[in-house]
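Each chain, written out:
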Amino acid sequence: AGCNTGDATEKYTVATDNNFVPFEFLNEETGEMEGFDIDLIKAIADEAGFEVEIESMKFDGVVSGMQSGRYDIGIAGMTITEERKETIDFSDPYYDAGLMIAVNKDNEEIKSEDDLAGKKVGTRSGTTSEEYIKANHPDADLVTFPGIVEAYMDLESGRLDAVMYDVPNVQYYVANDSAKLKTVGDILQGEQYGIAFPKDSELVEDVNQALETIIENGTYDDIYEKWFGE
Ligand code: ARG
């Protein structure tokens, strides 16, 4: 430690969310975080030649941790938005996402976002879904939760009429849930995820280069297949 020889490997702290399947979640057995984002940032670190130390927290903590410079890198299915770009730097996009609505399987009333007026619609606070609902569905009854799992549970128990959240998370949850929920309507608002950095971080270029390399050499595809392949 403290020995700054040329071949010492740099170690960077990576902030991630604590529960956003299948991008990052705790493996109860190993006590380690796993998921698409975790594999991706490890592959990028290998390629770029640095080490990472992963710390999981609430999603808002990842965003504020970038703004304050507390962590070197953030990866948490974070959508690249113009607003966030004012205070955070992003890598090139690494995943195409969007928003989607889930309802209970026996719900015949809500078939798309056109049916949300007067309905209780849940999502996670501080996310693009919250902003989308506020901007496009002011007549819906928006309920925000500190974690999305609570929203899904309230939907299943009938306290909510719908949940809106990121397509891959909704689809993963609906597929793995003992099938109480279904998705309805189209993908709303295409979004792209980016790796986040404190403003003007020198790491952005290295990470972009490593990302490009692992996309070209098939490593990205292997990780994608592992988490999203059928
Ligand atoms: N993509 C959405 C956003 O950036 C939601 C991200 C939620 N990510 C998470 N790890 N919980 O606002």
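Cut-off values and rules
- Residues numbered from 1 in each chain as written.
- Predicted model: local features only at pLDDT ≥ 70, side-chain atom pairs only at ≥ 80, totals over all residues.
- Heavy atoms only, no water.
- Salt bridge = Lys/Arg side-chain N within 4 Å of Asp/Glu carboxyl O.
- Helix = DSSP H or I, 4+ residues; strand = E, 2+ residues; numbered from the N terminus.
- Buried < 20%, exposed > 50% of the residue type's maximum accessible area, 1.4 Å probe, protein only.
- Pairing = 2+ DSSP bridges.
- Axes fitted to C-alpha atoms, helices over the stretch in contact; angles between N-to-C directions.
- Contact = heavy atoms within 4.5 Å.

### Structural notes on the pattern of salt bridges
Pairing between side chains becomes possible if they bear opposite charge and their charged atoms approach one another.
Reasoning step 1: Within the structure shown, the criterion is met by eight salt bridges.
Reasoning step 2: Between Arg124 and Asp17 there is a salt bridge whose closest N-O contact spans 3.5 Å. Placement of Arg124 in strand 9 (residues 120-124) and of Asp17 in strand 1 (residues 11-17) is noted, with a sequence separation of 107 residues between them.
Reasoning step 3: With a closest N to O distance of 3.0 Å, Lys134 and Glu130 form a salt bridge. Placement of the pair is Lys134 and Glu130 together in helix 4 (residues 128-136), with a separation of four residues, close to one helical turn.
Reasoning step 4: Classification of Lys134 by relative accessible area gives exposed; the value is 52%.
Reasoning step 5: Residue classification places Glu130 among the buried residues on the basis of a relative accessible area of 14%.

### Some thoughts on the sheet that holds strand 10 (residues 141-145)
Reasoning step 1: If you walk across this open sheet you meet the five strands as 10-9-11-8-12, and the pairing is mixed. Edge positions in the open sheet fall to strand 10 and strand 12 (181-193), since each of these has one partner strand only. Neighbouring strand axes in the sheet, compared pairwise and without regard to direction, differ in orientation by 25° on average.
Reasoning step 2: Direction of pairing for strand 8 (residues 95-104) relative to strand 12: antiparallel, over a ladder of eight bridges. Each bridged residue has a counterpart across the sheet, and for Ile101 the counterpart in strand 12 is Val184.
Reasoning step 3: Sitting on the sheet, helix 5 (residues 148-156) is in contact with strand 8, strand 9, strand 10, strand 11 (162-166) and strand 12, with an inclination near 150° to strand 11.

### Focus on the sheet that holds strand 4 (residues 32-34)
Reasoning step 1: In spatial order, the strands read 2-3-4; together these three strands make up an open sheet with antiparallel pairing. The sheet terminates laterally at strand 2 (19-20) and strand 4, the two strands that pair on one side only.
Reasoning step 2: Two elements, strand 2 and strand 3 (residues 24-27), share two bridges in a ladder whose sense is antiparallel. Paired with Phe20 across the bridge in strand 3 is Glu24.

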